[in-house]
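# A closer look at the structure
For reference, the chains in residue letters:
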Amino acid sequence: MMDKNWAYLISRLAIGLSFFGHGLVRLPKLAGFSNWMVSQFSKSLLPEFLVVPFSYILPFAEFIAGLLIIIGLFTRQGLLLAGLVCLALIFGTTMIENWEALPSQLIHVAFLSVLLAYLPHNTYAVDQIIKK
């Protein structure tokens with residue numbers, strides 16, 4: 001049983017670091033990131049009035065989801081937030097026909113799904129300290 005708990009921890013840290021890192025590098029250059037995203041969607045069906053707020057929210061959502069997943073605090077909610085972020089990104093990716101990015105996003109969803117399914121193995125987490 002202990003090996004499954006360690007495997008869960010390593011997988012949780014890997015996916016958490018991915019989200020955390022994505023958000024962390026974008027936060028200091030929020031306006032530039034937003035401008036880049038708006039330019040990516042300029043020829044898509046999505047109107048700018050939807051892309052702009054999403055581009056400012058995305059780095060915070062990635063950062064927060066990643067942090068929660070890394071430390072194992074509100075792990076279920078962090079995984080669900082990350083899943084919602086992925087679904088929004090997948091939708092956006094299809095709108096701009098960026099098919100090269102899609103496999104990475106689907107791999108993230110697969111990791112998140114497995115982590116949610118095996119949440120009882122989340123023993124090395126702040127959630128477990130709070131339960132006691």
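The structure reproduced in this document is the subject of the present report. (Residues numbered from 1 in each chain as written. Predicted model: local features only at pLDDT ≥ 70, side-chain atom pairs only at ≥ 80, totals over all residues. Heavy atoms only, no water.)

## A closer look at unusual backbone geometry
In this model, F74 sits at a positive phi of 50°, which is unusual for a non-glycine residue. With respect to the element layout, F74 can be found in the loop between α3 (48–71) and α4 (75–95). You can call F74 partly exposed: its relative accessible area is 46%. For E97, which is not glycine, the phi torsion reads 55° and is therefore positive. Within the secondary structure, E97 sits in the loop between α4 and α5 (102–117). For E97, a relative accessible area of 54% translates into the label exposed. (Helix = DSSP H or I, 4+ residues; strand = E, 2+ residues; numbered from the N terminus. Buried < 20%, exposed > 50% of the residue type's maximum accessible area, 1.4 Å probe, protein only.)

## Thoughts on the pattern of salt bridges
Applying the stated criterion across every chain, the model contains 1 salt bridge. The partner of R26 in a salt bridge is E62, and the shortest N-O contact between them spans 2.8 Å. Taken together, the positions of R26 in helix α1 (residues 2–26) and E62 in helix α3 put the pair 36 residues apart, joining distant regions of the chain. Summarising the burial analysis for this pair, R26 and E62 share the class buried. (Salt bridge = Lys/Arg side-chain N within 4 Å of Asp/Glu carboxyl O.)

## Points about α5
Given a rise of 1.5 Å per residue, 16 residues ought to cover 22 Å, and the 22 Å separating the end C-alpha atoms of α5 matches this to within 8%. Among the residues of α5, L102, Q105, H108, L112 and L115 are the ones counted as buried. Taken end-on, α5 shows its buried residues confined to a sector of 150°, consistent with a single buried face. On its buried face, α5 sits against α1, α3 and α4. (Expected span 1.5 Å × (residues − 1). Arc of directions from axis to C-beta. Contact = heavy atoms within 4.5 Å.)

## Notes on helix α2 (residues 30–40)
An α-helical segment advances 3.6 residues per turn. Residues three or four places apart therefore align on the same side. L30, F33, S34, M37 and V38 are the residues of α2 that are buried. Projection of α2 onto a plane perpendicular to its axis shows the buried side chains occupying an angular sector of 135°, all on one side. Next to the buried residues of α2 lie α1 and α3.

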